[in-house]
Amino acid sequence: MTDALQYFGHHFRDPISINDLAGFLGTREDCLQFSFDRIRGMTPAQALLDHRLNRLFAALTAQPRQGLRQAIADCGLARTAGVLVLFEQTFGIEMSLFLLTCRRAADDRLFRRSHPEAGALIEPS
């Protein structure tokens, strides 16, 4: 299981077939499916999708102003519309609101670095 997750970590951008993954790990596809089901409660394909969505979450958090389509593609995901629905189902927040929040947080961090004094955080009344 750990080897499969490490494989996902190194190859998440690439198309990955579960059959090829099983071959790489030296096991049969049905054994791999069984292991994921028993240990993670999901299929290997679901685990890969989950990994890719988490990568997208991290990438957008780190660089919220990057192009969304490119970020999605860089994480090995396809079709923006489908990804947006999966993102919301997985994380419970719409992509537009998530990006807005990440961008505001990035702006706040930038402001804080430029104005480290405590008084800069107080808005004038």
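In what follows, the structure referred to is the one given above.
Since the model is a prediction, treat every value here as computed from it, not as a measurement. (Residues numbered from 1 in each chain as written. Predicted model: local features only at pLDDT ≥ 70, side-chain atom pairs only at ≥ 80, totals over all residues. Heavy atoms only, no water.)

Colleague: So what exactly am I meant to see when it comes to the environment of Thr 80 here?
Modeller: Along the chain, the position of Thr 80 falls in helix H6 (residues 80-91). Of the residues examined, Thr 80 reaches a relative accessible area of 24% and is grouped as partly exposed. Between the C-alpha atom of Thr 80 and that of Ser 114, which follows or precedes it by 34 residues, the distance is 35 Å. Contacts of Thr 80, omitting those with residues within four sequence positions, involve Arg 69 and Ile 72. (Helix = DSSP H or I, 4+ residues; strand = E, 2+ residues; numbered from the N terminus. Buried < 20%, exposed > 50% of the residue type's maximum accessible area, 1.4 Å probe, protein only. Contact = heavy atoms within 4.5 Å.)

Colleague: Can you help me understand the pattern of salt bridges in this one?
Modeller: Side chains bearing opposite charge may pair, as long as their charged atoms lie close to each other. For the structure shown, the criterion picks out 2 salt bridges. In this structure, Asp 30 and Arg 28 form a salt bridge, with 3.0 Å as the shortest nitrogen-oxygen distance. On the basis of relative accessibility, which here comes to 47%, the residue Asp 30 falls in the partly exposed class. The exposed category is assigned to Arg 28, whose relative accessible area is 53%. A salt bridge links Asp 107 to Arg 65, with the shortest nitrogen-to-oxygen separation between them at 2.6 Å. Linking Asp 107 in helix H7 (residues 95-114) with Arg 65 in the loop between helix H4 (44-62) and helix H5 (68-74), this pair joins segments that are 42 residues apart in sequence. (Salt bridge = Lys/Arg side-chain N within 4 Å of Asp/Glu carboxyl O.)

Colleague: What is the right way to read the packing of aromatic side chains from this model?
Modeller: Any two aromatic rings considered together are summarised by their centre-to-centre distance and by the angle between their planes. Following the criterion strictly, the structure yields 7 aromatic pairs and no others. Between Phe 57 and Phe 98, the aromatic rings sit 4.7 Å apart at their centres with planes inclined by 40°, giving tilted as the arrangement. With a gap of 41 residues between them, Phe 57 in helix H4 and Phe 98 in helix H7 connect regions that are remote in the sequence. These aromatic residues form a ring-pair network of at least three members: Phe 57, Phe 87, Phe 91 and Phe 98. (Phe/Tyr/Trp six-rings, centres within 6.5 Å; stacked < 30°, edge-to-face > 60°.)

Colleague: What should I look at first to understand the nonpolar core in this one?
Modeller: Nonpolar side chains tend to gather and get buried jointly when the protein is soluble and globular. Counting 13 residues, the largest nonpolar core has Leu 56, Leu 60, Leu 77, Val 83, Met 95 and Phe 98 as the members making the most contacts within it. Counting residues per element, this core draws most heavily on H7, which supplies 4 residues. The contacts of Leu 60, once residues within four sequence positions are left out, are Gln 66, Leu 68, Ala 71, Met 95, Phe 98, Leu 99 and Cys 102. Among the nonpolar cores identified, the runner-up in size contains 11 residues, and Ala 4, Ile 16, Leu 21 and Phe 36 belong to it. (Core = buried A, V, L, I, M, F, W, Y, C linked by side-chain atoms within 4.5 Å.)

Colleague: Would you mind going over H6 with me for this structure?
Modeller: At 3.6 residues per turn, the α-helix brings residues three or four places apart onto the same side. The end-to-end C-alpha distance of H6 is 16 Å, a good match for the 16 Å that 12 residues give at a rise of 1.5 Å each. Two residues or fewer after H6 comes Gly 92, characterised by a positive phi angle close to 75°. (Expected span 1.5 Å × (residues − 1).)

Colleague: Looking at this structure, I do not really get the packing of H4 against H7. What am I missing?
Modeller: A pair of packed helices is captured by two measures, namely the crossing angle of their axes and the spacing between those axes. In contact at an axis separation of 8 Å, H4 and H7 are set at 40° when each is read in the N-to-C sense. Between H4 and H7, the crossing angle belongs to the class labelled oblique. Side by side, H4 and H7 meet where Leu 56, Phe 57, Leu 60 and Thr 61 of the first sit next to Met 95, Phe 98, Leu 99, Cys 102 and Arg 109 of the second. Partitioned by chemical class, the residues of the contact of H4 with H7 number 7 nonpolar, 1 polar and 1 charged. (Axes fitted to C-alpha atoms, helices over the stretch in contact; angles between N-to-C directions. Parallel < 35°, antiparallel > 145°, perpendicular 65-115°, else oblique. Nonpolar A, V, L, I, M, F, W, Y, C, P; charged D, E, K, R; others polar.)

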